[in-house]
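Architecture at a glance
So you can see what is in the structure, the chains are spelled out below.
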Amino acid sequence: MENSRRKFLKVAGASALGMGMAGTAVRAIASGSGNKPKTMKNDNALTAKHWGMVIDTRKFKSHKDVQKLIDVCHKIHNVPDFEYLGEHKQQMHEIKWMWEEEYKHAFTDLNYKYVNKRVEHLPFLVLCNHCENPPCVKACPTKATFKRDDGIVSMDFHRCIGCRFCMAACPYGSRSFNFRDPRAALNLKEETVSGFPTRMKGVVEKCNFCAERLAIGKKPACVEASNGAIAFGDLEDPESDVRKLLESNYTIRRKQGMGTEPSVYYIV
Amino acid sequence: MNDKKLIITGVIIFIFILIFPFLYNLGGTTEFIDPVLSEKAKAAKFCVVPKEDMKVEHMQILDVWRDTVVRKGERVYVNSDGKKFTMSLSTGENSCLGCHNNKAEFCDRCHDYASVRPYCWDCHTDPKEIK
């Protein structure tokens, strides 16, 4: 039998067609059994177009009021506290999702020569601002940090390679790097809680607006523990609590001039 | 040919190095012990997908789940029977470890035998281990 190019192409074409059809047939049979599996949100999940927060600083009188909320947040998210290890405090190793800041440090662009005495020493609760134009997202080379459709700037810890570009990009210092194994501090205190994973050495972490709680119909932990001092809601819904507060009160945002458009507002 | 001793010594050392891995493992526990299915998993009879698929594909399923949860924010999986599951390793009764509540006898047994070291547990916690 003589082999010609013509004959070879015919056979090759016919086999390719046959294989393609067989694949489709197999897939059709496989999907025919039962319903197709799917994924969805919880029925009671809280959703919004743009989550935002309004912190009424008039309701925070002392360090204690602020610290209470920080402790709640750090507890449920397994944020390690290395100070417990009995070493002198090393600021570089500190992991914080929320912390207390003085007016002049929180609002550097509003720190005029003469500042209101009450505001000057008020304890300001600061956290990730979940910016509308998040510089950290642009800086992340692996897309580990990304902005969700509901405005939350979220992190995929699985994907973080620990390059810390996001920390350099964030003008608010909202991000912390795990220079040490966070479990060392958590184990020592025997206070790891289930329900939220810990992190590992070499990843960056920050506030996630309690995305894991919103998914099951709960408001963020700090909001819940604040007795109404912090409001949380949809900034794009004119009827929401946060929008009403913003309309009836004068509010400020951190480093407005940066153009990051923070989603956290402060009533002063 | 005066190097007979040297050559024989060399050959013996070479053979020893060659068979060292086998000698090293001699006496070790290489016997496979079947993973134990927890009472709860036994009662449920059916995992998120059929058992055979789960054996082969659980790592891909978990990989897809983690992206779905983290990126899309969808945390509920509805399988072909219409049953709902929480797409989480260890959060709540309806998660992986909520049903397979014996990680040491179920997950670890196979992973240890196959010398697989998944890094899931570097961050995710087994509710039993942290109490």
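None of these values were measured; they are calculated from a predicted model.

Conventions used here
- Residues numbered from 1 in each chain as written.
- Chains lettered and ligands numbered in written order.
- Predicted model: local features only at pLDDT ≥ 70, side-chain atom pairs only at ≥ 80, totals over all residues.
- Helix = DSSP H or I, 4+ residues; strand = E, 2+ residues; numbered from the N terminus.
- Contact = placed C-beta atoms within 7 Å.
- Rg over C-alpha atoms; globule rule 2.2 N^0.38 Å.
- Buried ≥ 20, exposed ≤ 12 C-beta atoms within 10 Å, placed from the backbone.
- Pairing = 2+ DSSP bridges.
- Axes fitted to C-alpha atoms, helices over the stretch in contact; angles between N-to-C directions.

**What to know about the overall build of chain B**
Broken down by element type, chain B carries five helices and two strands. Helices (α) and strands (β) of chain B occur, in sequence order from the N terminus, as α-α-α-β-β-α-α. Here the C-alpha coordinates of chain B stretch approximately 80 × 35 × 35 Å along the principal axes. Intrachain contacts of chain B at a sequence separation of at least 6 include 52% that bridge at least 24 residues.

**A closer look at the overall build of chain A**
Check the secondary structure of chain A and you find 10 helices and 11 strands. For chain A, whose C-alpha radius of gyration is 25 Å, the value lies well above the compact-globule estimate of 18 Å for 268 residues. Expressed along its principal axes, the backbone C-alpha trace of chain A runs to roughly 100 × 50 × 40 Å. In chain A, which comprises 268 residues, the share counted as buried stands at 33%. Considering only contacts within chain A whose residues lie at least 6 apart along the sequence, 69% involve residues at least 24 apart.

**Some remarks on the sheet that holds strand S2 (residues 84–86) of chain B**
One open sheet accounts for three strands, arranged S1(A)-S1(B)-S2(B); its pairing is antiparallel. Strand pairing shows two members of the sheet lacking a second neighbour, strand S1 (38–40) of chain A together with S2 of chain B, which therefore form its edges. Neighbour to neighbour, the strand axes of the sheet diverge by 30 degrees on average, direction disregarded. Pairing geometry for S1 of chain A and strand S1 (residues 76–78) of chain B, over three bridges, is antiparallel.

**Focus on unusual backbone geometry**
Phi at Cys-210 of chain A takes a positive value of approximately 50 degrees, unusual for a residue other than glycine. A positive phi is found at Ser-115 of chain B, a non-glycine position, where the angle reads about 55 degrees. Note that Ser-115 of chain B resides in the segment after helix H5 (103–113).

**Concerning the pairing of strand S9 (residues 230–234) of chain A**
Residues and elements named next belong to chain A. Of all five residues in S9, five are buried; the element is thus mostly enclosed. In this structure, strand S2 (residues 51–56) lies alongside S9, joined through five bridges in antiparallel fashion. Of the residues in S9, the one forming a bridge with Met-53 is Phe-232.

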